[in-house]
Amino acid sequence: MPSPRRELLRVAGAESLGPYTLLRLARGGVDPGAPGQFFMLEAPGRLLPRALSLCLAPAGELAFLVDPVGPGTASLCALARGDAIHVFGPLGHGFRLDVERPLLVGGGVGVAPLPYLAEALRFPPAVLGFRSGWHAEAAALLPGAEVAIEPTLVTELIRPGHELLACGPEPMLHAVAALCPGAQLAWEAPMACGYGACYGCAVEIGGELKRLCVEGPVLLAA
Amino acid sequence: MLLNASGCLDALAAPEVARQLDAFVTKTVTPLPREGNAPPRIAETAHGMLNAIGLANPGRERFLAEQLPRLQELAIPLWVSVGGFCARDYADTCATLEAVDAIELNLSCPNVDEAADSAAAIVAACRAATSLPLFAKLSAAHPDVAAVARSVAAAGADGLSLINTLRGLALDPHTLEPVLARGAGGLSGPSLKPVALATVHACYAATRLPIVGMGGIATAQDVVEFVACGALHVALGTVLFADADAPARIREELAVVPVDDRYGAAHAAEKALELPAKAVA
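Residues numbered from 1 in each chain as written. Chains lettered and ligands numbered in written order. Predicted model: local features only at pLDDT ≥ 70, side-chain atom pairs only at ≥ 80, totals over all residues.

Peer 1: Before we move on, could you go through the overall build of chain B and cite the residues and values that matter?
Peer 2: Counting secondary structure elements, chain B contains 11 helices and 12 strands. A total of 281 residues make up chain B; the buried ones form 56% of that total. A fraction of 67% describes how many contacts in chain B between residues 6 or more apart in sequence connect residues 24 or more apart. (Helix = DSSP H or I, 4+ residues; strand = E, 2+ residues; numbered from the N terminus. Buried ≥ 20, exposed ≤ 12 C-beta atoms within 10 Å, placed from the backbone. Contact = placed C-beta atoms within 7 Å.)

Dropping the structure here:
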């Protein structure tokens, strides 16, 4: 695994996709890492960086899908070409890529790591769920994906006979785990550091509280 | 010396960060394993953060058997932070520690119930149990922290670690419920610095003991200010979360910081005593 590196990266561009922003940064010397790994992005004006998984790795760039849910992510969405922020990564454990018949499952901003993952898996089928048509504009990141919009749930689109690789809200991940024990699930937790220092991102794994940034963020469904 | 604040770095998970320090301070070790508090455990605030980790640690037995040998292999000077719920807890752990450079007694975690014994009684029990250097980590929340500092000095502490986090509360703006599952947590980061400086100054004036100053240090200028108030060493906490390269960066900054009596200068602390008493009382 490439070792994480912290660098000041320049914003190459920022495009809106429904409520989300696709933030593109000039890569510098930072390795894109494996699909499902994440980066800590300096949030301008905030004390702590924000954890975001890599969405796409265009030549010379790193791209992140940001949902402006709070002041930190809002400050990231407000960045413009030419601005610069510190980026630290790649961090954590990503998806295992030795899967036979992959199906990617994404919900909301949880579609973020799937485009980069799809590329690594040579574009397997994907099913995505969103709460509205506006949110579903992010499906453009995964051409060919089947899309469910609430009240239809993405889990209704899952066909049997696949190994599931999923990222999305917790209820969706629990539903995927129930459908497919052994699914690879990318989880999220509040995180101050991203490298095992703060013990803030504790989640229950195998009956014990463990640090998601060190053990995950991709975990096998029990 | 440049250290980390206990609980703000895991040298086994990030040895390259620990190697930037002059000594690594472990997360607090308690007699029994502690899983820690339920998540969410952290919250960002204006100019700081709250944590309620709850002294998550594998317990003394597993620490000694599994973690300590691996930490010693890193060949970084090692301080072990010791916690407990009575003087006996602390002393028993101190008695088991060998081949470490110092012990920090965590007498001030805001996220667990207070130890029943006084800080001085805990230090005295530990003094009887070990000849290793003992640093007492005190809370600035005590109404007369200088008096506590004097009492732990009299009980045999070799130094002081100042300060721990201060209890704080953050509410979700929509639900008005606490953000942290435990409710309140410990405040750290830049908002703590003025409190830490005043506490370091007061305790240095009261004891002249070696002090590890900490609380919101993020730049060389912060380091110089802590030394000016009486700190002999400094520790980095919250800044490590945002910048894993902070120790190396601060060392570089110290090389160019525009003051004569820089970090480590012996008489900077003496100068601090010349501050008018009423300014820091």
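Peer 1: Let's hear about the packing of helix α5 (residues 145–154) of chain B against helix α6 (residues 193–207) of chain B: which residues, and what values?
Peer 2: Residue and element names in this part refer to chain B. It is the contact of α5 with α6, at a shortest axis distance of 9 Å, that shows an interaxial angle of 45°. Classified by the angle their axes make, α5 and α6 are oblique. Relative to α6, α5 is oriented so that their crossing is right-handed. Each of Val 145, Ala 146, Ala 149, Arg 150 and Ala 153 in α5 lies in contact with α6, whose residues at this interface are Thr 199, Ala 202, Cys 203, Ala 206 and Thr 207. By residue class, the composition of the contact of α5 with α6 is seven nonpolar, two polar and one charged. (Axes fitted to C-alpha atoms, helices over the stretch in contact; angles between N-to-C directions. Parallel < 35°, antiparallel > 145°, perpendicular 65-115°, else oblique. Left-handed = near helix turned anticlockwise from the far one by under 90°. Nonpolar A, V, L, I, M, F, W, Y, C, P; charged D, E, K, R; others polar.)

Peer 1: Run through helix α7 (residues 220–228) of chain B, naming residues and quoting values.
Peer 2: Note on helix geometry: an α-helix contains 3.6 residues per turn, so any two residues three or four positions apart are oriented the same way. Across the nine residues that make up α7 of chain B, a large majority, eight, are buried. At the C-terminal side of α7 of chain B, Gly 230 of chain B shows a positive phi close to 120°.

Peer 1: A description of the environment of Glu 177 of chain B should follow, citing residues and the corresponding values.
Peer 2: Residue and element names in this part refer to chain B. Structurally, Glu 177 is set in the loop between β9 (166–168) and β10 (185–188). Under the C-beta neighbour-count criterion, Glu 177 is labelled exposed, with 9 such atoms within 10 Å. Excluding anything up to four places from it in sequence, Glu 177 contacts Leu 171 and Asp 172.

Peer 1: Give a description of the interface of chain B and chain A that names residues and reports values.
Peer 2: Counting residues at the interface gives 25 residues for chain B, matched by 21 residues for chain A. Elements with a minimum of two residues in the side of chain B that touches chain A: β3 (42–45), β4 (48–51) and α8 (239–242) of chain B. Of the residues belonging to the side of chain B that touches chain A, the class tally is 14 nonpolar, five polar and six charged.

Peer 1: Pulling in residues and values, what's your account of helix α2 (residues 59–73) of chain B?
Peer 2: Residue and element names in this part refer to chain B. Taking 1.5 Å per residue, 15 residues should reach 21 Å; α2 reaches 20 Å between its end C-alpha atoms and fits that length. Bending of α2 peaks at approximately 40° at the position of Gln 67, with proline Pro 69 no more than four residues after it. Phi for Ala 75, located one or two positions after α2, is positive at around 60°. (Expected span 1.5 Å × (residues − 1). Bend = angle between axes of the 7 residues up to and from the residue.)

Peer 1: Please set out the confidence of the model for chain B residue by residue, giving values where relevant.
Peer 2: All names here are of chain B. Across chain B, pLDDT averages 90, with 89% of residues at or above 70. Scored below 50 in pLDDT, residues 269–273 shows 11 contacts in the model against residues more than four places distant or in partner chains. Ignoring residues within four places in sequence, the model shows residues 275–281, a span with pLDDT below 50, making five contacts including any to other chains. If you check the scores for this complex, the pTM reads 0.93 and the ipTM reads 0.93. (pLDDT = per-residue confidence, 0-100.)

Peer 1: How would you summarise the sheet that holds strand β11 (residues 211–213) of chain B if you had to cite specific residues and measurements?
Peer 2: Residue and element names in this part refer to chain B. Reading across the sheet, the eight strands line up as β1-β12-β11-β8-β7-β6-β5-β2 and stay open at both edges, with parallel pairing between neighbours. Looking at strand neighbours, the two that pair on one side only are β1 (2–4) and β2 (24–25), the edges of this open sheet. As judged from the three bridges shared by strand β8 (residues 159–162) and β11, these two strands associate in the parallel manner. Within β11, the residue paired with Leu 162 across the bridge is Gly 213. (Pairing = 2+ DSSP bridges.)

Peer 1: Describe the nonpolar core, listing the residues and the values that go with them.
Peer 2: Residue and element names in this part refer to chain B. Among the nonpolar cores identified, the biggest contains 174 residues, and Leu 105, Val 123, Ala 136 and Leu 240 are the most heavily contacted of them. Broken down by element, the residue count for this core peaks at eight residues, all from helix α4 (residues 119–129). Discounting chain neighbours no more than four positions away, the residues touching Leu 105 are Val 82, Tyr 90, Ile 122, Val 123, Cys 126, Leu 134, Phe 135, Ala 136 and Lys 137. (Core = buried A, V, L, I, M, F, W, Y, C linked by C-beta atoms within 7 Å.)

Peer 1: Give me the lowdown on the sheet that holds β3 of chain B, citing residues and values where you can.
Peer 2: All names here are of chain B. Spatially, the four strands line up as an open sheet ordered β3-β4-β10-β9, and their pairing is antiparallel. The open sheet is flanked by β3 and β9, the only strands paired with a single partner. For this sheet the average axis-to-axis angle between neighbouring strands, irrespective of direction, equals 35°. Two elements, β9 and β10, share three bridges in a ladder whose sense is antiparallel. In the sheet register, Arg 167 faces β10, and the bridge partner there is Gly 186.

Peer 1: Give a detailed account of the environment of Pro 90 of chain A, specifying residues and quantitative values.
Peer 2: Residue and element names in this part refer to chain A. Position of Pro 90 among the secondary structure elements: in strand β6 (residues 84–91). Residue classification places Pro 90 among the buried positions, given that 24 C-beta atoms sit within 10 Å. Remark: the alpha-carbon pair of Pro 90 and Leu 47, spanning 43 residues in sequence, is separated by 20 Å. Beyond its immediate stretch of four places on either side in the chain, Pro 90 contacts Pro 2, Pro 4, Asp 31, Pro 32, Gly 33, Gln 37 and Phe 39.

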